[in-house]
Structures are given as structure tokens and as C-alpha cells.
Amino acid sequence: MKKLLLSTLLFCFASACFAQTNLISYDDLSYLLHNNINKADTFFIAKGYTLTKKDEKKNLRKYDLKIPGGTYVSNNVRVDGRRMYIEMETNELAQYTMIYNSISQYVNKESTTPDVQTFLVKDLGTIYIMVNDAVPYNPTRREYTIRIVADKGITSYN
């Protein structure tokens, strides 16, 4: 009985305190780029996002997540043939940090210009990160635009 209670308590503590279920990481991006857009629907809905736009002709989907505290994460997923492109717009610093930290061990090449950070990531593709000031201006918030372009060899399968 003690084992069962301890296991349940540990599971609840781990899932409530350490999980960042709504934020997207390297593994999530890899999963999305290697699977078709219908699995992206299931994936984002399971993460707590809402499907706000679905265009079957253009193979375009938009998912939004409102985070308490006035922050948001918006994902645009587009399929061009068998390649998938993902664009994230967010003002949540934790999302930017999650992407940056999770790709850090897989970066093959990194370059920075005043406007764009570019990362060539192993087994994923190229990630472009643009950082802008929030409108209206807020010194504690910045807006991040993260574009993920899959390598030519990465195609989504049905």
C-alpha cells in the first residue's frame, strides 16, 4: 500500500511541477517535421492549443495557446508537398528559452546578425529567430518569431 501511495504521489508531483507540457522543444519539432499535418492536429490539441484556422487547399493550420499572465504562443504549420514549415510567434520568454536550450546540443552551425539568429540544427533543419520589442512598448516583454525550415531530406509521411 505504501508503494502504491508513494508511486502515485511521485507521479502527481512530477507531472504537476516539472512538466512544461504546453511548450515546444527540439523533440516536439522533430516529431512534427517527420509526420503529416493530421498528426500535427492531434499533437497540438493534446498540448492544449486550439485550432484557430484550417485551410485544406493551402495545407495551412494555425494553433494558438493563451498562457496565464497575458502571454501567448501562436504556431502556423504549412505543408508544401511533403515538407513541413513551422512558424512560431510568441511573447513567452520560457518558449524561446525552451527552443534555445533544447537545440543547443544539436547545433551544427550558428550565425547572428543584428536582426536574426540562425541555427543549422542536426536532423531538423534551419531555425531562424527574430526578436522585436513588444507593441505597445513593454520593457519586460519581447516578441519572438521562430521559423523552422526542414532539411531537404526530411519529409512528412502519412
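Please read all numbers here as calculations on a predicted model, not as lab measurements.

Caption draft 1: Structural detail: helix α2 (residues 26-34). Turning to α2, its buried residues are Y26, D28, L29, S30, L32 and L33. Looking at the buried positions of α2, the neighbouring elements they touch are α3 (37-47), β4 (83-90), α4 (93-103), β6 (116-121) and β8 (142-150).

Caption draft 2: Expanded view of the packing of aromatic side chains. Counted by the stated rule, this structure contains 8 aromatic pairs. Ring plane angle 40 degrees and centroid distance 5.6 Å describe the contact between Y31 and F43, whose orientation is recorded as tilted. Separated by 12 residues along the polypeptide, Y31 in helix α2 and F43 in helix α3 bring together distant segments of the chain. With centroids separated by 6.0 Å and ring planes inclined at 25 degrees, the aromatic side chains of Y96 and Y100 adopt a geometry described as stacked. You can see Y96 and its partner Y100 sitting in helix α4, 4 residues apart, about one turn around the helix. When its relative accessible area of 14% is taken as the criterion, Y96 is described as buried. Three or more aromatic residues link up through ring pairs in this structure, and these residues are Y31, F43, F44, Y49 and Y63.

Caption draft 3: Region of the structure containing the pairing of strand β2 (residues 60-67). Judged from the 5 bridges that link them, strand β1 (residues 50-55) and β2 form a sheet pairing that is antiparallel. The residue of β2 that forms the bridge with T50 is D64. Between β1 and β2, which pair antiparallel in sequence order, lie 4 residues; one of them, N59, sits at a positive phi of approximately 50 degrees. By the bridge criterion, 8 bridges tie β2 to strand β3 (residues 71-80) in an arrangement that is antiparallel. Bridged to L60 within β3 is R78. Linking β2 to β3, which pair antiparallel, is a turn of 3 residues; within it G69 sits at a positive phi near 105 degrees.

Caption draft 4: Looking closely at the side chain of R61. Mapping R61 onto the fold places it in strand β2. Taking relative accessible area as the criterion, R61 reaches 2% and is therefore assigned buried. Within polar-contact distance, the side chain of R61 engages the side chain of D41 at 2.5 Å. Contacts of R61, omitting those with residues within four sequence positions, involve I37, N38, D41, L51, K53, K54, E56, N75, N76 and V77.

Caption draft 5: Quick look at the sheet that holds β4. Taken in spatial order, the 8 strands make up an open sheet running β1-β2-β3-β4-β8-β7-β6-β5, and their pairing is antiparallel. Whereas interior strands pair on both sides, the edge strands pair on one side only; in this sheet they are β1 and β5 (107-112). Taking each pair of neighbouring strands and ignoring which way they run, the sheet shows an average axis angle of 15 degrees. Packed onto the sheet, α2 meets β4, β6 and β8 and runs at close to 140 degrees relative to β4.

Caption draft 6: Quick look at the confidence of the model for the protein. Looking at the protein, pLDDT values average 86 and 85% of them are 70 or higher. Looking across the protein, the model is least confident in helix α1 (residues 2-17), with a mean pLDDT of 53, and most confident in β6, with 96. Low pLDDT, under 50, characterises residues 14-19; the stretch is placed with 2 contacts to residues that sit more than four places away or in other chains.

Calculation notes
Residues numbered from 1 in each chain as written. Predicted model: local features only at pLDDT ≥ 70, side-chain atom pairs only at ≥ 80, totals over all residues. Heavy atoms only, no water. Buried < 20%, exposed > 50% of the residue type's maximum accessible area, 1.4 Å probe, protein only. Helix = DSSP H or I, 4+ residues; strand = E, 2+ residues; numbered from the N terminus. Contact = heavy atoms within 4.5 Å. Phe/Tyr/Trp six-rings, centres within 6.5 Å; stacked < 30°, edge-to-face > 60°. Pairing = 2+ DSSP bridges. Polar contact = N/O pair within 3.5 Å; in protein donor to acceptor, adjacent residues only side chain to side chain. Axes fitted to C-alpha atoms, helices over the stretch in contact; angles between N-to-C directions. pLDDT = per-residue confidence, 0-100.

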